Amino acid sequence: MQIGATKFYIVFVHYFNNQKIFHCRVITNTTIKIKGYINKAIFFLLMGGVLSPNFNYHTLDFILLCIFEIRNIILKIEFTLLSTVCMKKNWLCLVAGSLLALLSCSNKREELNNLAVECAKNNNDITETEYKRITDFIYREKGNKTFKKFFSDSSTLNHNEIINHLVSLFKQRKLQISDESLWNPSSQDLSSSKFIMNVFVENSASMDGYVKGITDFETALYNLLGDIKTSDDCLAMNLNYINKRIPYSKKDALQDDIKDFIEKLEPTVFRSRGGDRSVSDIGDILDTLLKVVDTSNVVLFVSDCVFSAGKNKDGQDYLNNQSVSVKIDFAEKLKNFDLSVVLLKLKSSYNGSYYDKFNTPIPLNTYRPYYIWLIGSYKQITNLIESGVLEKIKGGFLNKQVFATYNDCKKPEFKILMNRKKGSFRLSNNAQGPIKNAKAIHEGNSKVFSFTIAVDFSKYLRDESYFLDSNIYTTNANYTISVKPINDKTDISIKDYTHLLTLTTTTLRNEELKISVLDILPSWVEQSTSNDDTNIKNDSGEWGKTFGLKYLVEGMNDAYLQKTNTKILGTISIDIIN
Amino acid sequence: MEFFASLYEWWGLLSFYSPALSEHLRGWDITCSDFSGTPWYTYIAFISFTLTALVYAVFYHIIDSPRIAKRQHWFIFLVIAVLLSFLVAFSIPYNDVQNDNYCPQNTISIADCIGFGISNAIWTAIFFTIISILPYPRLLSTNCRHTPWKQ
């Protein structure tokens, strides 16, 4: 018997050796008297199954099956309104059964199963959208014990478990869903680095200054697009303008199309190609772009990233809201996709109207920063960075920041060096330690012990300069850290590493030394942020800054922090024994 | 391996060569990553043991002549064994040093190679003396069974 989406069994045991069910005390204060030990046992078993957090109808089936096997009793467990035995008693049993059913209605597992079945019955398949509905449901219930197996850690979905559950569910419910028609994220070629590049150039009014005549902006962009288009990984390139909508698109652009696109980067063409150029809602634009990004599509977005709060708006509130909006959008995408983002800051000549935070046009003729975003999967972004196309941008870039989850990089490769030390020690196993027989040496009034490790930070996709800041390192012991880059690649013992960390202490003791590398926003983000650009015409210090940049970047960073749940990029552990 | 290393390093009490050579002889590889290189301590120990046993066999069982049955003759053979062992222990690390076939973070000098040769030579002398003292298989020798000490 089915009511709505919930199937439930009601009541039970209507006849066995002339025993009868009377009433049910569960919630309604009616009473049940069950005669006979067998029936009592059955009743309590069933109640235990129903009220347990793991109750589902399969549990009920299993319990009853056991009873059948043990006692070889044929037990009828369906409710019959038309039963010839006392109608009054059946009526009460219906009430009892309904209440039992209500208890089980709240079972989330069954809700999930029903959702999956509903999706499957649609077209006899599970599309990517339907799969996402299912995973969204699971994600919302991540605190539920019964959903624990669908997570590989506190926040990462285990897609293999989800797929296995769906396959098993469809089999049980006798639904003909083949493997091919069940959308499976792991069957997508996630390891592929090939992509379709979708270029979006913001054409709001404030961008006019970058495209008047031939500018560094156009040269750099043309050079970059040309390099990407000719790379082995780029399957195709789509060129777009974007503001509040996408007013212009050129699909599958060839080299001539790219040339034409760049040549037509002029204020008149920006205006003619339309869209709402009056405001720059960067948050909305990023939301649109994130919908484009998937395993086959990478986005390249070019913008001045200047927020326009508009007249009569509280700039601070607006920026905070934008930051939260960006965080939510990125966090949502990160749930099911290993998203990586490269943010490049470049500069170009600018001759046009700059729109400040109140949207007031201010004529400006100077150099201004602009930003290129690359948004894709970790694999695609890694390959783009490693291909060197970013380093080949004409005029170069000023700063770079990469956002990624770095799931496989929590323990960077390192090697303890036998030279560059103060004191002495032995390595008895390998170059990862432990350090044995550590002895300090006298230096002045103190005893100093120091050693150097070579570390490979290349997997973090960040500028080498990020790792030269000693503030990003913390230790759990009394060690100071100094850092140098490895420039000499002829030394075969350290050529595969990027940095040398020298650790020094004056309190040598037996301990497990842990060096943590922190994931913090680089200082250039704060330095590039303008909080008030209304006086930009007269304040040359504002020319190289971007209104609200920090809020934009922090929003993204918070999304990644929420995903990884840690501010630590990686940790190195070394045992020290003296 | 550590057994031979301890012997050659005299359990840390005497130091004929630097820790850098010690690491190399333990098998510290050329990329300075782990002990996956040639474990020279073990190899040199077995080579020296074999050479010493060979010299012993030559003296006591192969030549075994009354003309070389005196103590001074035994001493000459001891010196031969010592010299051969020194050469083996010196030339192997020296060869690696000359060919830069060691972890570049370590600094190994010729003096280290000589020191290791001396250490191996001393152990050879001790070993040769010990096996010369033992009754067997010395007593199987016909003419030298009482060299260098009467049994």
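The written sequence of each chain sets the order in which its residues are numbered from 1. For this description, chains carry letters from A and ligands carry numbers from 1, given in the order in which they are written. Thresholds applied to this predicted model are a pLDDT of at least 70 for local features of residues and 80 or more for the giving and counting of side-chain atom pairs; totals over whole chains, interfaces and linings are not thresholded and use all residues. Values reported for side chains reflect all heavy atoms of the structure, with hydrogen atoms and water molecules removed beforehand.

A.B. asks: What exactly am I supposed to notice about the overall build of chain A here?
C.D. replies: Counting its regular elements, chain A contains 14 helices and 21 strands. Think of it in three bands: residues with accessible area under 20% of the maximum for their type are buried, residues over 50% are exposed, and the middle band is partly exposed, with areas taken using a 1.4 Å probe on protein chains only. Buried residues in chain A amount to 51% of all 578 residues. Whether two residues are in contact is decided by their heavy atoms, any of which lying within 4.5 Å being enough. Across chain A, every contact between residues at least 6 apart in sequence was considered, and the portion connecting residues at least 24 apart equals 72%. If you sum the accessible surface of chain A, you get close to 27,500 Å²; carbon and sulfur atoms cover 50% of it. The numbering of helices and of strands both runs from the N terminus, where a helix is a DSSP run of H or I of at least 4 residues and a strand a run of E of at least 2. For accessible areas, the Shrake-Rupley method is used with a probe of radius 1.4 Å. Any residue's cover is judged against the shown protein chains and nothing else.

A.B. asks: Teacher, can you tell me more about the overall build of chain B here?
C.D. replies: For chain B, the helix and strand inventory stands at five helices and zero strands. Tracing chain B from N to C terminus, the helices and strands come up as α-α-α-α-α. By residue count, 46% of the 151 residues in chain B fall in the buried class. Sequence separation of at least 24 residues holds for 68% of the intrachain contacts in chain B that already meet a minimum separation of 6.

A.B. asks: What is the right way to read the confidence of the model for chain A from this model?
C.D. replies: Should pLDDT be low for a region, the predicted coordinates there are not to be read in detail. All names here are of chain A. Along the chain, pLDDT gives the predictor's confidence residue by residue, from 0 to 100. With 78% of its residues at a pLDDT of at least 70, chain A reaches an overall mean of 79. Contacts of residues 1-35 to residues separated by more than four positions or lying in other chains number 79 contacts, the stretch itself having pLDDT below 50. Low pLDDT (under 50) marks residues 48-62, which in the prediction has 24 contacts with non-local residues, meaning those over four places away or in another chain.

A.B. asks: Before we go on, may I ask you to explain the packing of helix H10 (residues 282-292) of chain A against helix H11 (residues 315-336) of chain A in this structure?
C.D. replies: How two helices sit against one another is set out by the angle between their axes and by the gap between those axes. Residue and element names in this part refer to chain A. Helix axes are fitted to C-alpha atoms over the stretch in contact, other axes to C-alpha atoms as well, and angles between N-to-C directions run from 0 to 180 degrees. Viewed as axis vectors pointing N to C, H10 and H11 meet at an angle of 10°, and their least axial separation amounts to 9 Å. In terms of axis orientation, H10 runs roughly parallel to H11. Here H10 contributes Ile282, Gly283, Leu286, Asp287 and Leu290 to the contact with H11, which in turn contributes Gln322, Val326, Asp329, Phe330 and Lys333. Each residue gets one of three labels, nonpolar for Ala, Val, Leu, Ile, Met, Phe, Trp, Tyr, Cys and Pro, charged for Asp, Glu, Lys and Arg, and polar for the others, Gly among them. Across the contact of H10 with H11, the residue classes break down as five nonpolar, two polar and three charged. Should an angle lie under 35 degrees it is considered roughly parallel, over 145 roughly antiparallel, and from 65 to 115 roughly perpendicular; all remaining angles are considered oblique.

A.B. asks: Before we go on, may I ask you to explain the side chain of Thr546(A) in this structure?
C.D. replies: All names here are of chain A. Structurally, the position occupied by Thr546 is in strand E20 (residues 546-547). Residue Thr546 is classed as buried on the basis of its relative accessible area of 0%. Not counting the four nearest positions on each side in its chain, Thr546 is found in contact with Asp304, Cys305, Val306, Arg368, Pro369, Tyr371, Ser528, Thr529 and Ser530.

A.B. asks: What is the right way to look at the pattern of salt bridges in this model?
C.D. replies: Side-chain pairs of opposite charge can arise where the charged atoms are in close proximity. Residue and element names in this part refer to chain A. Salt bridge criterion: a side-chain nitrogen from Lys or Arg within 4 Å of a carboxyl oxygen from Asp or Glu. In the structure shown here, the tally under the stated rule is 21 salt bridges over all chains. Across the pair Asp208 and Arg271 runs a salt bridge, and its minimum N-O distance is 3.5 Å. Taken as a pair, Asp208 in the loop between strand E3 (195-202) and helix H7 (216-229) and Arg271 in helix H9 (residues 267-272) lie far apart in primary sequence, 63 residues in all. For Asp208, a relative accessible area of 10% translates into the label buried. A relative accessible area of 47% means that Arg271 is categorised as partly exposed.

A.B. asks: I keep staring at the interface of chain A and chain B and nothing clicks. Help me out?
C.D. replies: When the parts come together, some accessible area is lost, and that loss is often what is quoted as the size of the interface. Across the boundary between the two partners, chain A contributes 15 residues, which contact 13 residues of chain B. Here's the idea: put two parts together, see how much 1.4 Å probe accessible area each one loses, and the total over both is what we call buried area. Together, the buried faces of chain A and chain B total about 1,100 Å²; carbon and sulfur atoms form 52% of this surface. Counting the surface chain A buries against chain B, the share from its top three residues, Met418(A), Arg426(A) and Ile492(A), is 42%. At the surface where chain A touches chain B, the tally comes to one salt bridge. The residue Glu23(B) makes a salt bridge to Arg426(A) at a minimum N-O spacing of 3.0 Å. In protein, a polar contact means a hydrogen-donor-capable atom and an acceptor-capable atom, both N or O and within 3.5 Å, with residues adjacent in sequence counting only if both atoms are side-chain atoms; elsewhere, any N or O pair within 3.5 Å suffices. Counting across the chain A and chain B interface gives six residue pairs in polar contact (both at pLDDT 80 or more).

A.B. asks: Got a minute to help me understand the nonpolar core in this structure?
C.D. replies: When a protein is soluble and globular, its nonpolar side chains tend to lie buried together. In this description, a nonpolar core means a group of buried Ala, Val, Leu, Ile, Met, Phe, Trp, Tyr and Cys residues linked to one another through side-chain atoms lying within 4.5 Å. Judged by nonpolar contacts, the single largest core of 120 residues is most densely connected at Met197(A), Leu300(A), Trp373(A), Phe451(A) and Ile453(A). If we ignore the near neighbours within four places in the chain, the residues touching Met197(A) are Ile228(A), Cys234(A), Ala236(A), Met237(A), Asn238(A), Val298(A), Val299(A), Leu300(A), Leu374(A) and Leu384(A).

A.B. asks: Help me understand the pairing of strand E8 (residues 361-377) of chain A in this model?
C.D. replies: Within a regular beta strand, the side chains point alternately toward one face of the sheet and then the other, so they alternate between its two faces. Residues and elements named next belong to chain A. Of all 17 residues making up E8, 13 are buried, and the element is well covered by its neighbours. A pair of strands counts as paired when DSSP detects no fewer than two bridges linking them. For strand E7 (residues 339-355) and E8, the ladder comprises 17 bridges, and the chain directions are antiparallel. Considered in E8, the bridge of Tyr354 is made with Ile362. From the end of E7 to the start of E8, which pair antiparallel, there are five residues, and Asn359 there has a positive phi angle of about 65°.

A.B. asks: What am I meant to see in the environment of Ser424(A) here?
C.D. replies: All names here are of chain A. Residue placement: Ser424 occurs in strand E11 (residues 424-430). Counting along the chain gives 15 residues from Ser424 to Lys439, while the straight-line C-alpha distance between them is 5.2 Å. Leave out the neighbours within four places in its chain, and Ser424 touches Asn437, Ala438, Lys439 and Phe449.

A.B. asks: Looking at this structure, I do not really get the packing of aromatic side chains. What am I missing?
C.D. replies: Each aromatic ring pair is specified by the distance between its two centres and by the angle formed by the two planes. Only Phe, Tyr and Trp rings take part, Trp by its six-membered ring, and two of them pair if their centres are within 6.5 Å. Stacked means planes under 30 degrees apart, edge-to-face means over 60, and tilted covers everything else. The tally for this structure, following the rule as stated, stands at 42 aromatic pairs over all chains. Ring centres 4.1 Å apart and planes at 5° place the aromatic pair Phe457(A) and Phe467(A) in the stacked group. Here Phe467(A) lies in the loop between strand E14 (446-455) and strand E15 (473-475) and Phe457(A) lies in the loop between E14 and E15, a separation of ten residues in the sequence. In this structure Phe457(A) comes out as buried when scored by relative accessible area, which is 2%. The buried category is assigned to Phe467(A), whose relative accessible area is 1%. Aromatic side chains Phe3(B) and Phe4(B) sit 5.2 Å apart centroid to centroid with 65° between the ring planes, which places their arrangement in the edge-to-face category.

A.B. asks: Which parts of the structure should I look at to understand the sheet that holds E7(A)?
C.D. replies: In a beta sheet, neighbouring strands are held together by backbone hydrogen bonds and run either parallel or antiparallel to one another. Residue and element names in this part refer to chain A. One open sheet holds the seven strands; their spatial order is E5-E4-E3-E6-E8-E7-E9, and the pairing between them is mixed. Only two strands of the sheet have a single neighbouring strand rather than two, namely strand E5 (248-250) and strand E9 (399-403). Strand-to-strand twist of the sheet, defined as the mean angle between neighbouring strand axes without regard to direction, takes the value 20°. The sheet contact formed by strand E4 (residues 234-242) and E5 spans three bridges and is antiparallel.

A.B. asks: Would you mind showing me how to read helix H4 (residues 108-123) of chain A here?
C.D. replies: Because each turn of an α-helix spans 3.6 residues, side chains separated by three or four positions end up pointing in the same direction. Residue and element names in this part refer to chain A. To estimate how far a helix should reach, multiply one less than its number of residues by 1.5 Å. The end-to-end C-alpha distance of H4 is 24 Å, a good match for the 22 Å that 16 residues give at a rise of 1.5 Å each. For H4, the set of buried residues is Arg109, Glu110, Leu112, Asn113, Asn114, Leu115, Ala116, Val117, Cys119 and Ala120. Next to the buried residues of H4 lie helix H5 (128-140) and helix H6 (159-172). Once H4 finishes, Asn124 follows within two positions and takes phi at roughly 60°, a positive value.

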